[in-house]
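Coordinate inspection notes
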Amino acid sequence: MVQLRPRASRVPASATVDEGQPASEEEEEAGHGLLLGQPSSGAAAEPLEEDDEEGGDELDDEAPEELTFASAQAEAREEERRVRESVRRDKTLLKEKRKRREELFIEQKKRKLLPDNILEKLTTAGQTNIKKSSGKLKEANLQKENEDCDKGSDSKKAKVQKVQSVGQNKSYLALRLKDQDLRDSRQQAAKAFIQNSLYGPGTNRTTVNKFLSLENKRLPVKKAAAQFLNNAWGTQKKQNAKRFKRRWMVRKMKTSKK
Amino acid sequence: MGEFKVHRVRFFNYVPSGIRCVAYNNQSNRLAVSRTDGTVEIYNLSANYFQEKFFPGHESRATEALCWAKGQRLFSAGLNGEIIEYDLQALNIKYAVDAFGGPIWSMAVSPCGSQLLVGCEDGSVKLFQITPDKIQFERNFDRQKSRILSLSWHPSGTHIAAGSIDYISVFAVKSGSAVHKMLVDRQYMGVSKRKCIIWGVAFLSDGTIISVDSAGKVQFWDSATGTLVKNHLIANADVQSIAVSDQEDSFVVGTAEGTVFHFQLVSVTSNSSEKQWVRTKPFQHHTHDVRAVAHSPTALISGGTDTHLVIRPLMEKVEVKNYDAALRKITFPHRRLISCSKKRHLLLFQFAHHLELWRLGSTVATGKNGDTLPLSKDADHLLHLKTKGPENIICSCISPCGSWIAYSTTSRFFLYRLNYEHDNISLQRVSKMPAFLRSALQILFSEDSTKLFVASNQGSLHTIRLLEGSFKHLHTFQPQSGTVESMCLLAVSPDGNWLAASGTSAGVHVYNIKHLKLHCTVPAYNFPVTALAIAPNTNNLVIAHSDQQVFEYSIPDKQYTEWSRTIQKQGFHYLWLQRDTPITHISFHPKRPMHILLHDAYMFCIIDKSLPLPNDKTLLYNPLPPTNESDVIRRRTAHAFKISKIYKPLLFMDLLDERTLVAVERPLDDIIAQLPPPIKKKKFGT
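First, a word on scope: everything that follows refers to the structure included in this document.

Analysis parameters
- Residues numbered from 1 in each chain as written.
- Chains lettered and ligands numbered in written order.
- Predicted model: local features only at pLDDT ≥ 70, side-chain atom pairs only at ≥ 80, totals over all residues.
- Heavy atoms only, no water.
- Helix = DSSP H or I, 4+ residues; strand = E, 2+ residues; numbered from the N terminus.
- Buried < 20%, exposed > 50% of the residue type's maximum accessible area, 1.4 Å probe, protein only.
- Contact = heavy atoms within 4.5 Å.
- Lys, Arg positive; Asp, Glu negative; His and termini not counted.
- Charge placed at Lys NZ, Arg CZ, Asp CG, Glu CD.
- Pairing = 2+ DSSP bridges.
- Axes fitted to C-alpha atoms, helices over the stretch in contact; angles between N-to-C directions.
- Salt bridge = Lys/Arg side-chain N within 4 Å of Asp/Glu carboxyl O.
- Buried area = accessible area lost by both parts, 1.4 Å probe.
- Polar contact = N/O pair within 3.5 Å; in protein donor to acceptor, adjacent residues only side chain to side chain.
- Nonpolar A, V, L, I, M, F, W, Y, C, P; charged D, E, K, R; others polar.
- Core = buried A, V, L, I, M, F, W, Y, C linked by side-chain atoms within 4.5 Å.
- Expected span 1.5 Å × (residues − 1).
- Phe/Tyr/Trp six-rings, centres within 6.5 Å; stacked < 30°, edge-to-face > 60°.
- Lys NZ or Arg CZ within 6 Å of the ring centre and 35° of its normal.

A look at the overall build of chain B
Tallying secondary structure elements over chain B gives four helices and 55 strands in all. Dimensions along the principal axes, computed over C-alpha positions, put chain B at roughly 80 × 65 × 50 Å. Here chain B, with 686 residues, has 59% of them falling under the buried criterion. Nonlocal contacts in chain B, meaning residues at least 24 apart in sequence, comprise 48% of its contacts between residues at least 6 apart. Chain B carries 74 positive and 59 negative side-chain charges, and their two centres are separated by 2 Å.

The structure is reproduced here in structure tokens:
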């Protein structure tokens, strides 16, 4: 860290106080200097700040204090040590946090997996990479499976390469969820491409209202736009108003009856 | 005709999905159209452009390419990476094959019809072999850097042009390697930051490649040398589709501004043999992007985001210049999406993924002809029923008493019981529906709401008896003679004895419900049936066909009625036969057996069988004059067809009771207001 000589306008009493103080003030100065980009400009800006803070007492010329090299060096080393300590502490804290999160994830993953006996059955059935599909697919494929089992046909529009019935009941279809996610992301990317190329920036699109109102603008007697009224404006307000009116009417009826 | 109070309904928020791909099949003159929600519809262009078949959509199936292969096989490919073959007989999906290349952007069938080429997201072009019952992966071509958005075969089958982003590659089929790579300018005479997307390519037999891209250019390339021959700038926005005719003397392109341009090969001077491509005709029939075009021998077909399907016959190709050569615009569905419960004044609207149940408003005021009566009670949105799962709803129905709602998707059938207690309704689902009911094409309840008839796409008709909270399967009518023929339309007689079912090719079958057997079959007619209904008391079956013919068949007598024979002998009025849209619903008046009420999208008509029939010279559309004209004139011009065009476009019209009609309209502006944004058009003075 650059050691800056303390300024003439500084309060002399502060220099004789703790070792810590000048160091912190120096830091502050250095901080200011760094903020302003150059030490010189920091120095130039300093007097203004000092003036605002401390009034006009310190304009007397005074000799700058003598600080030995050793003390300054000691301060600097102290500083570095402190910084190193804090960094080390931060690192350990982060490490702890990461470890805890890892453990949490492992817990969750374990909870998500099927109980061991079913996993065993799946692997012994001769099929790798099978996980239970989502509920919807199960239901839809349930009927399909039953039907096909009845008919005894092999061809199906199945998303999975092989269809394997697990266990005796032949009641569900197994899919690999990872493939499905990959496919979905690619489909999303493709849809985004089409959307971008047709309706994205750079395309010369306009709203339907403006498009339909083009004729109205050129008529000899100019008419209003095609969708002049915005019926969707303030729907919540209108609903609230309607409800309030109904309740007020009921109250009015009750009081008038009495 | 009588006086009616008409419930004019405009709260059916029906928005069709945009058209994404169009494929024309020359042998059978049929058009396959795929929409953005995954529905694929088949139009029979020779049967008055009637939609005869459809495959319901699916949320994950975003089709990007559609093509016909040899032997009437239909294939589609989409962003979910699968190639799907459709079974046109059984109206379901035969199988889906994953291409393992990511989302598929384009597909082309080889000229011989036995190979299929697919362009994928990862830049690979894959070749499949079409076997009699499946398709099989053959090999990959050289992988390119960016996604392959368009493909085209050379008519000899030796080379392929593939359009990608900023370049076009030419492959040799035998080796699978890229022969040429042609870089496309990003802008006509200029530079641009936006990449140039080649939306369509076409390969002609003389080696010319035509490409259309997102900068609005149509470019002609020479595939032998890999160089640009001619460059046309035709639009300020993307040119999104191209289709070449079979003779290769004309092609059509569609732009994002809604304009369709026709290019033709004309000789340079009148007697020279040298020809060049000239842009001949612009057509502006669309307001939004035209994403698909097709070229049949006599017409240009275009479809896009504004959901219209426009068929423009070319005047020079049409032999007989009659009404057949007029522009056809198909906007409204050719099936009924609305069912009505007459007793409780309820309407059930069918959307792609949900159903809405509305109760009609009521009024106590009276007025004269033409008055609008104020509502004392507004129409009420009673129920919003969302379907589970990604599939679209195929058909739905509400029972006449209003206590049962049934709808079907491809994999499931749903039946709900409704209970009404003072203005509130509660819904209860009937669980464990049998598996054979799924994928129903048509659902109908009997008049007394005790029986449910379901027509499945396998050709069989199921009868279910409805009990309180449960059901019992009564009987299944199997299809005749082993052919699988899907039953599209059903009609039941009000006394509950007869059930009529029409298939796609054979005649209309009439079944006796009490004895559970086939009673008779109306002789087959070469145009498909668009609407069926059985009259009360007389049990006459009224059938409307897509060529606007209406037949009346007496079920107890097993023959056509006298009136039907008379009108067939005389023929319908020529204006009646020139109507564009098919009749979608027929109903009857309970007290007047001589009246038939039918409607199509732009008119509704009451046929009075007791009045004389019009011949070609009389005025077909003669509304009642407001002031009392002389009676003599009125008697002279009165004829059987009372047509009214007050309510249009009509999606549904029915008789609720003796003095009330309900008309569900869908103004075109309301549909357009909900479409995606169009390209900006700059007009002088705005």
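More follows now that the structure is in view.
Remarks on the sheet that holds strand S52 (residues 603–608) of chain B
All names here are of chain B. Taken together, four strands build an open sheet; the order of strands is S50-S51-S52-S53 and the sheet is antiparallel. Single-partner strands in this sheet number two, and they are strand S50 (585–588) and strand S53 (641–644). Between one strand axis and the next, the sheet turns by 20° as a mean value, whatever way the strands run. Pairing between S50 and strand S51 (residues 595–600): four bridges, direction antiparallel. Residue pairing across strands places Phe588 opposite Ile596, the latter belonging to S51.

Some words on the sheet that holds strand S54 (residues 650–657) of chain B
All names here are of chain B. The strand order across the open sheet built from three strands is S1-S55-S54, with neighbouring strands paired in mixed fashion. Each edge of the sheet is formed by a strand with only one pairing partner; in this case those strands are strand S1 (5–9) and S54. Adjacent strand axes in the sheet meet at a mean angle of 20°, parallel and antiparallel pairs treated alike. As judged from the six bridges shared by S54 and strand S55 (residues 660–665), these two strands associate in the antiparallel manner. Considered in S55, the bridge of Asp657 is made with Thr660.

Focus: the pattern of salt bridges
Residues and elements named next belong to chain B. Following the criterion strictly, the structure yields 26 salt bridges over all chains and no others. Across the pair Glu41 and Arg35 runs a salt bridge whose closest N-O atoms are separated by 3.2 Å. With respect to burial, Glu41 and Arg35 carry one shared label: buried. Between Asp580 and Arg328 there is a salt bridge, with its nearest N and O atoms 3.4 Å apart. With Asp580 in the loop between helix H2 (574–577) and S50 and Arg328 in strand S29 (residues 328–330), the pair connects residues that are 252 residues apart, well separated along the chain. Classification of Arg328 as buried rests on a relative accessible area of 6%.

Some thoughts on the interface of chain A and chain B
Contact with chain A, which involves 31 residues of that partner, is made by 45 residues of chain B. Roughly 3,500 Å² of surface becomes buried between chain A and chain B when both sides are summed, with 60% attributable to carbon and sulfur atoms. Taken as a group, Phe193(A), Arg205(A) and Phe211(A) account for 17% of the area that chain A buries against chain B, more than any other trio of residues on that side. Where Arg205(A) meets Asp289(B), a salt bridge forms, and the shortest distance between an N and an O atom there is 2.9 Å. Viewed at the interface, chain B and chain A are joined by nine residue pairs in polar contact (both at pLDDT 80 or more). Sorting the residues of the side of chain A that touches chain B by element identifies helix H6 (135–151), helix H7 (177–199) and helix H8 (208–218) of chain A as the ones contributing at least two each. Here the side of chain A that touches chain B takes 11 residues from H7(A), the largest share from any one element. Its residues placed into classes, the side of chain A that touches chain B shows 10 nonpolar, 10 polar and 11 charged.

Focus on the nonpolar core
Within soluble globular proteins, side chains that are nonpolar generally end up buried alongside one another. Residue and element names in this part refer to chain B. Of all hydrophobic cores here, the largest spans 23 residues; its most connected members are Trp576, Ile583, Ile586, Leu598, Cys605 and Phe641. Mapped onto this core, the elements with two or more residues apiece are strand S46 (529–534), strand S47 (540–545), helix H1 (562–570), S50, S51, S52 and S53. The greatest single-element share of this core, amounting to three residues, is contributed by S52. Among all residues touching Ile586, those that are not within four sequence positions of it are Ala531, Leu532, Ala533, Val542, Ala544, Ile596, Leu597 and Leu598. Ranked by size, the runner-up nonpolar core spans 19 residues in total, among them Phe332, Cys340, Phe349 and Trp358.

Structural notes on the environment of Ala76(A)
Within the secondary structure layout, Ala76(A) lies in helix H4 (residues 69–112). Considering only alpha carbons, one finds Ala76(A) and Asp90(A), 14 residues apart in sequence, at a separation of 21 Å.

Points about H4(A)
Under the 1.5 Å per step criterion, the end-to-end length of H4(A) is 64 Å for 44 residues, consistent within 8% with the ideal 64 Å. Listing the buried residues of H4(A) in full gives Ser71(A), Ala72(A), Glu75(A) and Glu79(A).

Let's talk about the packing of aromatic side chains
Throughout the structure, instances matching the rule amount to 26 aromatic pairs over all chains. Residues Tyr553(B) and Tyr560(B) carry aromatic rings whose centres are separated by 5.3 Å and whose planes lie at 85° to one another, so their mutual orientation is edge-to-face. What makes Tyr553(B) buried here is its relative accessible area of 4%. Classification of Tyr560(B) as partly exposed rests on a relative accessible area of 22%. Among the aromatic residues, those joined into a ring-pair cluster are Phe11(B), Phe12(B), Tyr14(B), Phe349(B), Phe351(B) and Trp358(B). Just above the ring of Phe193(A) sits the side chain of Arg147(B); from NZ or CZ to the centre is 3.9 Å. Above the plane of the ring of Tyr167(B) lies Lys181(B), whose end atom (NZ or CZ) is 4.2 Å from the centre.

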